[in-house]
Every structure is written in structure tokens, then in C-alpha cells.
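Structural overview
Listed below, chain by chain, are the residues.
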Amino acid sequence: MARRKFVCGNWKMNMTIDEAKALVEGIKPKVAGLEADVAVAPPFTALHAVAEVLGGSSIRLAAQNCHFETKGAFTGEVAPTMLRDACCSLVILGHSERRTLFKETDETVGKKVGAALDAGLQPILCVGETLEERDGGQTLAVVSRQLKAGLAAAGADRALRMVIAYEPVWAIGTGRTATPEQAQEVHAHLRRDLEAMYGSAISDELRIQYGGSMKPSNAAELLAMPDIDGGLIGGASLKPDDFAAIVTAAAS
Ligand code: PEP
């Protein structure tokens, strides 16, 4: 089945409001009309300003994280409904930096996915193994565990609202990319898991992005693999030309 490719830029903790506006102004004309879905994930502080620049554009707005509660005494946290209020339609959850640096567990990621869906957001659920886990032959078991825990609260009726991102931790921000074959192996495995959970009508439709040092020079070969349905882009999403080149590769 032909899944429309989906490329999302994860800006991480970068960009002042003015820088964010300039970046999205640079991206907008370069991706207009391309046959791929596109989103950007600025830091919380720039969401509103970027939403204003996006206006009626088809580029969607994503947040990089949210809490699983809807409101209350959770200093420093942001609720999924607040992200909707700030014009987000997507939220990245379970990114390896959240898991590693901020001690998020499979269980909290699963709760966040459920809360994001409850609020009407589309979660991008990130899974991926560390280098140690890959070297130990644990890759497929690790991503299966993260996938199942992340989707525990989703349920079959909401599964189609999900996006999955396979991001090998050893390839994030390191300049080291999984080969297309390495990535395809894991993507195919995740799709088999999704099929076992929800059946093929759903697993055939769900998009699985690859993330980990994707850039203009390697995007086309990764995106040519049958189960790679787009990219979650860190470093290269901060440069309009590079990000647009990846979207162009996804569209062709
Ligand atoms: C990411 O953090 O989601 C990512 C894929 O980063 P990079 O493209 O910089 O490796």
C-alpha cells in the first residue's frame, strides 16, 4: 500500500522566537506543493509564534513532549490540552533524550500517549535501541517492548491516529546513520508487531518514520525502503535547505 511520506523536524532546545519565525519562513516556500506531509516541532516558547507564521499552510505544528495529566500541581509541565490550545496537532513522545536524560519509562510514555490521544493530538511515538543493546542482539526485543508499552493506552480504535518513529539511539545527533537495510529490518519488524496487535488493515496504513542523522545525502536511500515512511529530523531540520531537500526526497 502506498503510504504518503511524513517528515517532521524536531528542533529540540534550539531557536529563540525570532529565529524560529525565520526558520519556518525559510521552510514554508521550499516545501509548498510537495507530495509529502510535513511538520515542525519548535520549543514550547516558540509554538505560538510559529503557528502564526504557518497560518493556512499545510505544515503541521508539533510539540516535543507533554505531561500525562490534564492540569494541576505539576510545576514545569505542559498538558496535552494546552498544546491543542497552542495550535499543535502532533506531539513527539518517548524521544530517547527524554528517556535517557529525563528518566522517562515505557510506562510514563504509554500514559503520555493515552493522554495525548484523549486531547485529540496525534502522537509520534519514538522507539529505538542503544548501541549496547544493538551489540547485544537486543534491538528487535527492545523496540517491540517500547512499541507495546507506548501503545498500551491507545487501543485498536485509536491506533490509526499514531505515527511511530524508529530512532536508533546510536544514530541520533552522532552523524552515524543506520544503513537502509538495518533500518528496514527494524521497520519491517515493527510493522509485523503492529499487524499482530491490530491486523493488517491498520498496520499497512500506519507510518513509521526513521530518525537518526537523516540528511540530504542519505535521505533518498533510506526513504526508498518499503517500510520507511518518512523521517524525524533533528540537526538537519534547523537548516531550511537541508530540511526541504529531505522533504523533496520524501515526495519523489
Ligand atoms: C532526533 O533527535 O529525533 C534526531 C533524529 O536527531 P538527528 O537528526 O540530529 O540525529
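Structure: see above.
These notes cover the structure that comes with them. (Residues numbered from 1 in each chain as written. Predicted model: local features only at pLDDT ≥ 70, side-chain atom pairs only at ≥ 80, totals over all residues. Heavy atoms only, no water.)

Points about the pairing of strand E8 (residues 230-233)
Across the two faces of E8 the burial is the same, with Gly 230 and Leu 232 and Gly 231 and Ile 233 all buried. Where strand E1 (residues 6-10) lies against E8, 4 bridges are found, and the strand directions are parallel. Of the residues in E8, the one forming a bridge with Gly 9 is Ile 233. (Buried < 20%, exposed > 50% of the residue type's maximum accessible area, 1.4 Å probe, protein only. Helix = DSSP H or I, 4+ residues; strand = E, 2+ residues; numbered from the N terminus. Pairing = 2+ DSSP bridges.)

Regarding the site of the ligand
Lining the immediate environment of the ligand, one finds 14 residues, of which Lys 12, His 95, Glu 167, Gly 173 and Ser 213 sit closest. Glu 167 is positioned with one of its side-chain polar atoms (N or O) 2.7 Å from an oxygen atom of the ligand. Within the contact set of the ligand, an oxygen atom lies 2.7 Å away from a backbone nitrogen or oxygen of Gly 173. Within the shell around the ligand, the residues separate by chemical class into 4 nonpolar, 8 polar and 2 charged. (Near = heavy atom within 4 Å. Polar contact = N/O pair within 3.5 Å; in protein donor to acceptor, adjacent residues only side chain to side chain. Nonpolar A, V, L, I, M, F, W, Y, C, P; charged D, E, K, R; others polar.)

Details of the packing of helix H1 (residues 17-31) against helix H2 (residues 47-54)
Relative orientation of the contacting elements H1 and H2 amounts to 30°, with a least axis distance of 9 Å. Between H1 and H2, the angle is such that the two are roughly parallel. The way H1 lies across H2 gives a crossing that is right-handed. Where H1 approaches H2, its residues Ile 17, Ala 20, Lys 21, Val 24, Glu 25 and Lys 28 are matched on the opposing element by Ala 49, Val 50, Val 53 and Leu 54. Residues belonging to the contact of H1 with H2 are distributed by class as follows: 7 nonpolar, no polar and 3 charged. (Axes fitted to C-alpha atoms, helices over the stretch in contact; angles between N-to-C directions. Parallel < 35°, antiparallel > 145°, perpendicular 65-115°, else oblique. Left-handed = near helix turned anticlockwise from the far one by under 90°. Contact = heavy atoms within 4.5 Å.)

Topic: the side chain of Glu 167
Looking at the secondary structure, you find Glu 167 in the loop between strand E6 (163-166) and helix H8 (180-198). Lys 12 is the oppositely charged side chain nearest to the buried, salt-bridge-free Glu 167, at an N-O distance of 6.7 Å. A distance of 3.3 Å separates polar atoms of two side chains, one belonging to Glu 167 and the other to His 95. In contact with Glu 167, other than residues within four places in its own chain, are His 95, Cys 126, Val 127, Gly 128, Glu 129, Ile 172, Gly 211, Gly 212 and Leu 232. (Lys, Arg positive; Asp, Glu negative; His and termini not counted. Salt bridge = Lys/Arg side-chain N within 4 Å of Asp/Glu carboxyl O.)

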